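Topology and contacts: notes
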Amino acid sequence: MPHLPDAPSSGILTFLVPEAGGSALDAFLADARSFAGPPFAPERIAALESLSRILLAHPRLKRDPAGASLAFWLRKASIANLEAGYRLLPGPGARVPAGLVFHVAPANVDTLFIYSWALSFLCGNSNVVRLTTRLSPQMSDLLVCLDATFVEHPGACRGNAFVTYGHDDAITTGISLACDSRIVWGGDETVQRLRSIPLAPHASERSFASKRSLSVIAAAPYLKAGDPARDQLADRMSADLAPFAQMACSSPQVLYWLGADEQCREAQSDMGRRLEAAMAARLGEPDLGFAVRRLTHSFDRAASGAASSVNHRPHTTQVASTSPSDAEAEEACGAGLLNNAFLASVGELTPLLRRNHQTISYFGLTERERGDLALGAGKDGVDRIVPIGRALEFGPYWDGFNLWDDLSRLVLVE
Amino acid sequence: MMPAATVDAEGLLAGPPFALRDADKHAVLLPALDALTRRHYALCEPYRRVVDAAFGGLQREPYASLVDLPFVPVSLFKRHELRSVPADDVFRVLTSSGTTGQAASRVYLDRETATLQAKALVRIMQHFIGKERYPMVILDHEDVVRDRASFSARGAGILGLMQFGRLPIYALRPDMSFDLEKVRAYLAAHAGKPVLFFGFTFIAWQHAIAALDASGLSLSPHGGVLIHSGGWKRMEASRVGAGEFRTRAQATLGVERVINFYGMVEQVGSVFFENALGDLHAPVFADVIVRDPFTLRPLGPGRRGLLQVVSMLPHSYPGHSLLTEDLGEWRGVDDDAAGMPGRFFRVHGRAPHSDIRGCSDTYAPPA
């Protein structure tokens, strides 16, 4: 059981997993790289398999959708898929680990630090993962599972550590100068601040800054679909909205309806009802704090003139935007709130997109429309276009970057 | 039933504040709130937008029940300039910072509304302490009310209550320490007279009651009353219940009665004082509704939800019907045991704020 500090003050670094003395950072950094090994080593795959099993045995995580998704992603067959993708990467030569990778984990998606670490671990790297000092209960549960994994697989896990410390540039500089690759999961401010902290001359950095996501549903195909298909779509959408209080960068905050206004209105109203039912099925008892947050946000939108209607329900609040151009709120609400807007065609969406848009999850778009969207939207910043229900599926291609490349080096052999 | 046209806030304010049974009160209150809803709809654009978006616009026919009236979340006063009078008519702006780091509410008062608030408070206070003005000790320090054009909720509360005392003094120094010599001298000078104490619940507790208790001291005025108000949030953290607060206030301050009231800067004047049951009681010019936070439907007695407070006092800003972030339940109406007719309720604290973190900054230092 790792020791979880209440509120470590800055300047103090604590090893969360594996447990070790707080002064051991220098010793750890000095030889961490020597434990790097070949990519997809059987003992590393076995360690992740154990982690998957331990997560599924955890009383809370096994029932938590994000915990269950993570366990699913770490199981043997899924890792075999990842490896197959890795082996297909082009390049005349050998892929070797980057060396020591420094991950700065985000605070909004509790499971992400494990995905980031696991990809790097599979590449054969040694890793130091810095977590926020405000550990959520879910993060603490995940650390307990990681610790058990480290105990079962001490050899495979050597050179890997999960640490926490406050806003201390000296510690960050120490790790940054020791690492070969730095992976920073934003906010924009974190990314900017980390960028000002030097890396070793040969090291590289990949930053994931703040992003926003949206959904697009074509009204005509939606209205043509029968009850089971509509319910299924609502269920998939709830999978994109429910985890992490809808605050993952990939969870949509705005839902754009494509079609004639009349059709859009009918489809939106129908989907609003079904989505509430799907969220209720997924989340159970509604959350009071979330409800108050949605009320505050939606009435605020109305008072500003950005919302023409507000429909508050136990798990969701549907807001109709006055116009598509102000459907996206300056500050995302999350917690089950969707801003809705109507567009005549996909073409009207692209002028609304910006560099910080990440995922468009869709329903009812033709292949041609998706292609047009990829070209038009991609130029303005969108990174992913995926079916509704898969917005939160994490993979090695993220925010438009190929993480395999960031986590390994290619030794050219001719 | 009285015809709506003959009663207004003025008329109701002239009478006793706890005299009407619920049905009789609503015959007066409902038309007044209906008129306020239409007034603010016509004069305050952000309010009109909210009514249009969240309530489908104004109802054409008069509202048939208090629960049908539109309402706005109190948080709206933090983000929008909500007023129904020209800026020139604003003569005082009340502010409340709420929790540290959050935006402050801004409440725009014209002379009419400020007068109505003052009159309402006089009616309620006189009901509880009589018409005589007693020596008064404010359990706070004077710096809180320095700037008289723009008041914090704390300052507004103190100034509102101060008029009910004679030669009031502040018991605390600016560093919040209790000025025992000053208070003792004051009480000695007014020996034999009942004394009125007023303070915000947590400040009264922490810096007066508990501070005196810790030094083994007590004051001994001749009878008197402590009136206190303010959130119980910080009190809950110190695990002090209403009963313990009362007995220890009686022991240290030497007061006979301890009366809590519930009010907010967005509805100054129409405050809810404790009745004989220890519940908070609605005066004739205000009322309380409890709503399910998930469906917004009104709840019956004994069921917990978000408190909505209505008041016929706010004319210069659309604060006559507010959905608070406080949880509570209404417990009865026109019950003889309460000592007065009307509806009464309890507050169960603030709804928890969800700790939702956006694409959040884990490393950037707090701004």
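All of these numbers come straight from a predicted model, not from anything done at the bench. Within each chain, residue numbers correspond to sequence positions counted from 1 in written order. Starting at A for chains and at 1 for ligands, labels are handed out in the order in which the entities are written. The predicted nature of this model means local features are confined to residues of pLDDT at least 70 and side-chain atom pairs, given and counted, to a pLDDT of 80 or more, with totals for whole chains, interfaces and linings taken over all residues.

1. Let's talk about the pairing of strand β12 (residues 337–343) of chain A
Residue and element names in this part refer to chain A. The criterion, for reference: Exposure is read from a count of other C-beta atoms within 10 Å of each residue's own; the residue is exposed at 12 or fewer, buried at 20 or more and partly exposed in between. C-beta atoms are placed from the backbone. Numbering of helices and strands starts at the N terminus; helices are DSSP runs of H or I of at least 4 residues and strands are runs of E of at least 2. Here, strands pair whenever DSSP counts at least two bridges between them.
Within β12, six of the seven residues are buried, which leaves the element mostly enclosed by the surrounding structure. Both strand β11 (residues 317–321) and β12 contribute to a ladder of four bridges, which runs parallel. When the bridges of β12 are listed, Q318 appears paired with L338.

2. Structural notes on the interface of chain A and chain B
Our working definition: By definition, residues are in contact whenever their C-beta atoms, placed on the basis of the backbone, come within 7 Å of each other.
Of the residues lining the interface, 42 residues belong to chain A; the matching set on chain B comes to 30 residues. Broken down by secondary-structure element, the contributors of at least two residues to the side of chain A that touches chain B are α9 (188–195), α13 (288–304) and β10 (307–312) of chain A. A per-element tally of the side of chain A that touches chain B places α13 of chain A first, with twelve residues.

3. Let's talk about the domain arrangement of chain A
All names here are of chain A. Quick note on the threshold: Here the limits of each domain have been adopted from an automatic or database domain assignment. Under the scheme applied, nonpolar residues are Ala, Val, Leu, Ile, Met, Phe, Trp, Tyr, Cys and Pro; charged residues are Asp, Glu, Lys and Arg; polar residues are all the others, including Gly.
With domains assigned, chain A is organised as domain 1 (14–210 + 399–412) and domain 2 (212–387). Relative placement of domain 1 and domain 2: their C-alpha centres are 32 Å apart. Listed per partner, the contact involves eight residues of domain 1 and nine residues of domain 2. Within the side of domain 1 that touches domain 2, the residues separate by chemical class into three nonpolar, three polar and two charged.

4. Considerations on the sheet that holds strand β8 (residues 212–218) of chain A
Remark on secondary structure: sheet strands pair via backbone hydrogen bonds, oriented parallel or antiparallel. Residues and elements named next belong to chain A. Heads up, the rule is: As a rule, the C-alpha atoms of each element are fitted with a line to give its axis, helices using only the stretch in contact, and angles between N-to-C directions run from 0 to 180 degrees.
What the seven strands build is an open sheet, ordered β10-β11-β12-β9-β8-β13-β14; its pairing is mixed. If you trace the sheet from one side to the other, it starts and ends with β10 and β14 (384–387), each paired once. Going across the sheet, the axis of each strand differs from the next one's by a mean of 25°, ignoring polarity. Sheet analysis places β10 next to β11, joined by five bridges and oriented antiparallel.

5. A short note on helix α12 (residues 261–283) of chain A
All names here are of chain A. Rules: Here the expected length of a helix is defined as 1.5 Å per residue gap, with one fewer gap than residues.
In a regular helix each residue adds 1.5 Å, so 23 residues correspond to 33 Å; α12 covers 32 Å between its end C-alpha atoms and thus fits that length. Of the surrounding elements, those touching the buried residues of α12 are β8, α10 (219–224), α11 (227–241), β9 (252–258) and β12. Two residues or fewer past α12, G284 is found with a positive phi of approximately 75°.

6. Some words on the sheet that holds strand β5 (residues 160–164) of chain A
Residues and elements named next belong to chain A. Taken in spatial order, the six strands line up as β1-β5-β4-β3-β6-β7 in an open sheet, and their pairing is mixed. The open sheet has two edge strands with one neighbour each: β1 (14–17) and β7 (204–208). The average angle at which neighbouring strand axes cross in this sheet is 20°, direction not considered. Pairing analysis gives five bridges linking strand β6 (residues 181–185) to β7, with the strands arranged parallel.

7. Looking at unusual backbone geometry
All names here are of chain A. At the junction of V17 and P18, the peptide bond is cis and its omega measures out at -10° in the coordinates. By the secondary structure assignment, P18 is in the loop between β1 and α1 (25–31). A positive phi is found at A335, a non-glycine position, where the angle reads about 65°. Inspection of the secondary structure puts A335 in the loop between β11 and β12.

8. Let's talk about the confidence of the model for chain A
Selection criterion: Along the chain, pLDDT gives the predictor's confidence residue by residue, from 0 to 100.
Counting all residues, the mean pLDDT for chain A is 93, and 96% of those residues have values of 70 or more. Note on residues 1–9 of chain A: pLDDT under 50 across the span, and 20 contacts to partners over four residues away in sequence or across chains.

9. Brief notes about the packing of α13 of chain A against helix α3 (residues 45–55) of chain B
Two numbers describe a pair of packed helices, the interaxial angle and the distance between the axes. Going by this rule: For classification purposes, an angle smaller than 35 degrees is called roughly parallel, one larger than 145 roughly antiparallel, one from 65 to 115 roughly perpendicular, and anything else oblique. In a left-handed crossing the near helix is turned counterclockwise from the far helix by less than a right angle, and in a right-handed crossing that turn is clockwise.
α3 of chain B packs onto α13 of chain A with a crossing angle of 120° between their chain directions and a minimal axis gap of 7 Å. For the element pair α13 of chain A / α3 of chain B, the angle class is oblique. Helix-helix and strand crossings are classified by hand; for α13 of chain A and α3 of chain B the assignment is right-handed. Facing α13 of chain A, whose interface residues are F299, A302 and A303 of chain A, α3 of chain B presents P46, R49, V50, A53 and A54 of chain B. Per-class residue counts for the contact of α13 of chain A with α3 of chain B are seven nonpolar, no polar and one charged.

10. Description of the environment of D26 of chain A
Residues and elements named next belong to chain A. The residue D26 is located in helix α1 in this model. The class of D26 is exposed, set by 9 C-beta atoms lying within 10 Å. D26 sits 374 residues away from G400 along the chain, and the two C-alpha atoms are 34 Å apart.

11. Brief notes about the environment of D406 of chain A
Residues and elements named next belong to chain A. Counting through the fold element by element, D406 comes out in helix α15 (residues 403–407). With 309 residues separating them along the chain, D406 and P97 place their C-alpha atoms 9.6 Å apart. Aside from chain neighbours lying at most four places away, what touches D406 is S181, I183, S204, R206 and F401.

12. Some thoughts on the packing of helix α8 (residues 201–214) of chain B against helix α10 (residues 242–253) of chain B
All names here are of chain B. For the pair α8 and α10, the least separation of the axes is 9 Å and the interaxial angle reads 65°. The way α8 lies across α10 gives a crossing that is left-handed. Contacts between α8 and α10 involve W205, A208, I209, L212 and D213 on the former and, on the latter, F245, R248, A249, T252 and L253. Among the residues forming the contact of α8 with α10, the class breakdown is seven nonpolar, one polar and two charged.

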